[in-house]
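# Survey of secondary and tertiary structure
One letter stands for each residue in the lines below.
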Amino acid sequence: MNYDSEWPLKYARERGYIIEILKDNCISVYHIGSTSVPGLAAKPIIDITVVVRSLEKVDTVAEKFPDIGYEYLGEFGIAGRRYLRKGGDERTHQIYIFQADDWNNSRRHLAFRDYMRTYEKERGEYAKIKKDLAQKFPHEMRLQI
């Protein structure tokens, strides 16, 4: 899918909901992934990284996330992370929550976003690779844009 100018607005709406649930445990919330890069084609899934003071405190408010449409899936295969998705198998949003002292995990998401936002030539090359792979493997949902 071509870039949609609604994606930043969708992120901003979710950001507000997330902050309301996490309150003072929340340090920062970032729009990441391809939908955070203006002009980049992407699957229409809003990816969000959240940095918190305590994952244990996140777990204590886990029951509030379904109220805003999210499944709270815990670590979901990555130790030290909390993963949430909205929309089930047809997901529209994903949240990755990391504790502040796990800067390596949250930073890698931000590094990709910032690199794609900064380097136009590489962004164009990446977009071409994504489109070529989506055409080559039309039934592979992870590649569809």
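Details of the structure are given in the entry above.
The sections below set out a description of the structure shown in this document.

Moving on, we get to the sheet that holds strand S3 (residues 70–72). Whenever strands of a sheet pair, they do so through backbone hydrogen bonds, lying parallel or antiparallel. Spatially, S1-S2-S5-S4-S3 is the arrangement adopted by the five strands of the open sheet, whose pairing is mixed. Of all the strands in the sheet, just strand S1 (26–32) and S3 have a single pairing partner and so form its edges. For this sheet, the mean inter-axis angle between neighbouring strands, taken without regard to orientation, is 20°. In this sheet, strand S2 (residues 46–52) lies alongside S1 in antiparallel orientation, the contact comprising six bridges.

For histidine 93, the location among the structural elements is in strand S5 (residues 93–99). Polar contacts involving the side chain of histidine 93 include one to the side chain of threonine 92, which spans 2.7 Å. The contacts of histidine 93, once residues within four sequence positions are left out, are Lys10, Glu14, Ile45, Ile46, Tyr70, Leu84, Arg85 and Lys86.

The next thing to look at is helix H4 (residues 120–136). A rise of 1.5 Å per residue sets the reference length of H4, with its 17 residues, at 24 Å; its end C-alpha atoms lie 24 Å apart and thus fit the reference within 8%. Structurally, H4 contributes buried residues whose contacts are with helix H3 (103–118).

Bringing the environment of tyrosine 83 into the picture now. Within the fold, tyrosine 83 resides in strand S4 (residues 81–86). The class for tyrosine 83 is buried, based on a relative accessible area of 5%. Considered as a pair, tyrosine 83 and alanine 12 are 71 residues apart in the sequence and their alpha carbons are 19 Å apart. One polar contact links tyrosine 83 to glutamine 94, side chain to side chain, over a distance of 2.6 Å.

We now examine the packing of aromatic side chains. Centre-to-centre distance and the angle between the planes together describe a pair of aromatic rings. Per the stated rule, a full pass over the model turns up six aromatic pairs. Taken together, a centroid distance of 5.3 Å and an interplanar angle of 85° make the contact between tyrosine 3 and tryptophan 7 edge-to-face. Given the relative accessible area of 26%, tyrosine 3 is considered partly exposed. Taken together, the ring pairs connect Phe76, Tyr83 and Tyr96 into an aromatic cluster.

Cut-offs applied
- Residues numbered from 1 in each chain as written.
- Predicted model: local features only at pLDDT ≥ 70, side-chain atom pairs only at ≥ 80, totals over all residues.
- Heavy atoms only, no water.
- Pairing = 2+ DSSP bridges.
- Helix = DSSP H or I, 4+ residues; strand = E, 2+ residues; numbered from the N terminus.
- Axes fitted to C-alpha atoms, helices over the stretch in contact; angles between N-to-C directions.
- Polar contact = N/O pair within 3.5 Å; in protein donor to acceptor, adjacent residues only side chain to side chain.
- Contact = heavy atoms within 4.5 Å.
- Expected span 1.5 Å × (residues − 1).
- Buried < 20%, exposed > 50% of the residue type's maximum accessible area, 1.4 Å probe, protein only.
- Phe/Tyr/Trp six-rings, centres within 6.5 Å; stacked < 30°, edge-to-face > 60°.

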